[in-house]
Amino acid sequence: MIPLRKALSSSVGKKFIMAFSGLCLGGFIVVHLLGNLALYRADGAAFNLYAATLESFGKFIIAAELGLIALFLLHAISAMLLKLNHWGARPERYSVVKSKGGESKSTLASRNMIISGGVIFAFVILHVWSFKYGPGITEGYTAAGGAHGEIRDLHRLVVESFHNPLIVSAYVFVMLLLGGHLWHAFWSGLQSFGLTNPRYTKGLYCLGSMFAVVLSVGFLMIPIWIFFDLSTVLLGAIK
Ligand code: HEM
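Residues numbered from 1 in each chain as written. Predicted model: local features only at pLDDT ≥ 70, side-chain atom pairs only at ≥ 80, totals over all residues.

Can you walk me through the packing of helix α6 (residues 113-131) against helix α8 (residues 165-192) in this structure?
Running from amino to carboxyl end, α6 crosses α8 at an angle of 130°, the nearest separation of the two axes being 9 Å. In terms of orientation, α6 lies oblique with respect to α8. In this structure, the crossing between α6 and α8 has a hand that is left-handed. Within the contact between the two elements, α6 uses M113, S116, G117, V119, I120 and F123 and α8 uses V174, L177, L178, G180, H181 and H184. (Axes fitted to C-alpha atoms, helices over the stretch in contact; angles between N-to-C directions. Helix = DSSP H or I, 4+ residues; strand = E, 2+ residues; numbered from the N terminus. Parallel < 35°, antiparallel > 145°, perpendicular 65-115°, else oblique. Left-handed = near helix turned anticlockwise from the far one by under 90°. Contact = placed C-beta atoms within 7 Å.)

Here's what the structure looks like:
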């Protein structure tokens, strides 16, 4: 605990913690999207089996979830402390915001990281509450899981949720914010780790932007895909 408190008391330490926790959270988001790709199939068996397999890891999955909560908290706390330091050092905010150009990469997303981060944080709480702790086997959301026996029909819950236009719109909005957040985060994280050799700047910036776009679009297309039942529509068009 002491080294953590020490790290959080210096600005370099806070930046490092923010970048490291952000990197790990980025890894989780990639894995989460890969698992959720099964939702692009109209038949929910693959997705339900995937969720049941994760569940079957028992204590390992609980340890991973606790690690994830710690990462989210570290990321949010270090970001807020850095923002407070920044405001403390410069009490009057600029009346006109101007990009320094070049390597500063000041964009709408970079200037509003704390806002997009706050919205994503609130989203994750509501999201986990509604899906992970939403109706399950006792409420009749059951499916046949082969060797797993009777499993939770998580696919049905997701599909029902994504037939509500308000939920779909909220997801699309948050996934766009997530894209903006990741766009700047990748770049800023590299700078925190001192990995910004001018020779590779353009390539790394491009890579970060592609990473953000793929993740944002990959996630936001799921509610749209389900809402418009695109797998049936597209299959019908092909036949
Ligand atoms: C369309 C986009 C998304 C869909 C369809 C989706 C779907 C799901 C589902 C179904 C669960 C419950 C899994 C289970 O109970 O086994 C879940 C859990 C979770 N999701 Fe998402 N998710 C999406 C986007 C996101 C994003 C963008 C984040 C983070 C920024 C996120 C963070 C989480 C977390 C932290 C959990 C809890 C994991 C656990 O405790 O095992 N999700 N998601």
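Quick question: what am I supposed to make of unusual backbone geometry here?
What is expected of a backbone is that most residues other than glycine have negative phi and most peptide bonds are trans. At D229, a position not held by glycine, the phi torsion is positive, near 45°. For D229, the position within the fold is in the loop between α9 (201-227) and α10 (230-238). Here D229 falls in the partly exposed class, since 14 other C-beta atoms lie within 10 Å of it. (Buried ≥ 20, exposed ≤ 12 C-beta atoms within 10 Å, placed from the backbone.)

Would you mind showing me how to read the site of the ligand here?
A51, F131, K132, F219 and I222 are the nearest of the 21 residues found near the ligand. Listed by contribution, the elements that provide at least two residues to the shell around the ligand are α2 (11-36), α3 (45-55), α4 (59-89), α6, α7 (154-161), α8 and α9. Tallying contributions element by element places α6 first for the shell around the ligand, with 5 residues. Grouping the amino acids of the shell around the ligand by side-chain chemistry returns 16 nonpolar, 3 polar and 2 charged. Residue contributions to the shell around the ligand reach at least three from each of two domains, namely domain 1 (1-89) and domain 2 (162-239). (Near = placed C-beta within 6 Å. Nonpolar A, V, L, I, M, F, W, Y, C, P; charged D, E, K, R; others polar. Domains from an automatic or database assignment.)

In this structure, what is going on with the domain arrangement of the protein chain? I would like to understand it.
For interface size, the figure often reported is the accessible area lost on association. For the protein chain, the assigned domains are domain 1 (1-89) and domain 2 (162-239). The straight-line distance from the C-alpha centre of domain 1 to that of domain 2 is 17 Å. Across the contact, 13 residues belong to domain 1 and 13 residues belong to domain 2.

How should α9 be read in this particular structure?
Three or four residues apart is the spacing at which side chains of an α-helix point the same way, because the helix has 3.6 residues per turn. In a regular helix each residue adds 1.5 Å, so 27 residues correspond to 39 Å; α9 covers 40 Å between its end C-alpha atoms and thus fits that length. Listing the buried residues of α9 in full gives G208, A212, L215, S216, F219, I222, P223 and I226. The elements touched by buried residues of α9 are α2, α7 and α8. A positive phi of about 45° marks D229, the residue just after α9. (Expected span 1.5 Å × (residues − 1).)

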